[in-house]
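Chain and residue survey
Each chain, letter by letter, is given below.
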Amino acid sequence: MLDAIVIGGGPAGLQTTLTLGRMHRNVLLLDSGTYRNATVAPMQNVITHDGRDPAELRRLARKDIAAYDTAEIRDVTVDSVRHAVDTFEVLAGDEVLVARKIVLATGVRDTLPDVPGIADAWGREIAHCPYCHGHEFAGQRVAILGTERAEHLSALLGNIASELVVLEQDAVREVVRIDGGLRIVLDDETVEVGGMFVATEVTQAAPFAEQLGVNLYESGFVEIDAMGRTNVPGVYAIGDVAITTPWLAHQASAEGILVAELIAGHDAPPINNHKVPG
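The following refers to the structure shown. These numbers come from a predicted model, not from an experiment.

1. Remarks on the pattern of salt bridges
Throughout the structure, instances matching the rule amount to 14 salt bridges. Between arginine 141 and glutamate 163 there is a salt bridge; the shortest N-O distance is 3.2 Å. Of this pair, arginine 141 sits in strand β9 (residues 141-145) while glutamate 163 sits in strand β10 (residues 163-167), and the two are 22 residues apart along the sequence. Salt-bridge contacts for aspartate 187 lead to arginine 173; the nearest nitrogen and oxygen are separated by 2.7 Å. With aspartate 187 in the loop between β12 (181-186) and β13 (190-193) and arginine 173 in strand β11 (residues 172-178), this residue pair connects regions lying 14 residues apart in the sequence. Given the relative accessible area of 44%, arginine 173 is considered partly exposed. Where salt bridges share partners, they join Asp31, Arg62 and Asp75 into one cluster.

Below is the structure:
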């Protein structure tokens, strides 16, 4: 029986697996190969990895994990998870995997504004996080789609962009990628910008929290305590799956360490103390 199964191969899941491997716990990471940042070419704002392709980060993390005999990664899609007596069963294809603990690192899915062309530029000229993508538009005109976050984003981008243009979504007919940025087609004019920030609707990327009876907030995110524990003993949630604002990669990794330490400490075998004859 495995000590833990980690579902999700992003930074949070990889870090959890690495830490459990270093603690000689039998841990299996199951990675579907679907990632929230799949359209992003360079990742940003992660120390020593600033500007690196996210796929390269995952490759390097897997190489680190491969050094530990008790840690394994499989590229497979999980079909379902269920709670058995004192264990958890994970169905992946034709195989049923059993573990004492489950770590949900499955992330979330973004639903983009319903405007033609946004999906084509998502993760490139269009983003939602100025900490990860703002600097790349330095000195350029930048659009903000929608008024809900306009004040907040304007404060963050004010020192970066040369000009900020706030657009009502209903007035935007199409977004077209052009050399150096975007052409935004409005009702009665066009606007060219270097990039654009939009708000997305975020939902769970996988159904496993609900399958396990884990409590969710009204927003749909998993409810956890400060240590990443859910209301179901033995089930942990880390990264974007459990919060209402997106983690940065290094924040998700830090949470992965915390949960791994908790699992390793809880399952630690008893220490055999031997007195040295005097």
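2. Side note on the nonpolar core
Membership of the largest hydrophobic core comes to 24 residues, with the highest contact counts inside it found for Ile5, Ile7, Val81, Val90, Ile102, Leu104 and Val222. Counting residues per element, the ones that place at least two in this core are β1 (2-7), β2 (27-31), β5 (88-92), β6 (95-104), α6 (208-211) and β16 (235-237). Sort the elements by how many residues they give to this core and β6 lands first, with four residues. With residues up to four places along the chain from it excluded, the contact list for isoleucine 102 reads Ile5, Ile7, Val81, Phe88, Val90, Leu212, Gly234, Val235 and Tyr236. By size, the runner-up hydrophobic cluster in this structure holds 20 residues, among which are Val27, Ala61, Ala71 and Ala105.

3. Re the sheet that holds β12
One open sheet accounts for three strands, arranged β11-β12-β13; its pairing is antiparallel. Two strands in the sheet have a free side with no partner beyond their single neighbour: β11 and β13. Each strand axis lies, on average, 20° off the axis of its neighbour in the sheet, ignoring direction. Of the pairings in the sheet, the one linking β11 to β12 comprises six bridges and is antiparallel in character. Residue pairing in the sheet places valine 175 in a bridge with isoleucine 184 of β12.

What counts as what
Residues numbered from 1 in each chain as written. Predicted model: local features only at pLDDT ≥ 70, side-chain atom pairs only at ≥ 80, totals over all residues. Heavy atoms only, no water. Salt bridge = Lys/Arg side-chain N within 4 Å of Asp/Glu carboxyl O. Helix = DSSP H or I, 4+ residues; strand = E, 2+ residues; numbered from the N terminus. Buried < 20%, exposed > 50% of the residue type's maximum accessible area, 1.4 Å probe, protein only. Core = buried A, V, L, I, M, F, W, Y, C linked by side-chain atoms within 4.5 Å. Contact = heavy atoms within 4.5 Å. Pairing = 2+ DSSP bridges. Axes fitted to C-alpha atoms, helices over the stretch in contact; angles between N-to-C directions.

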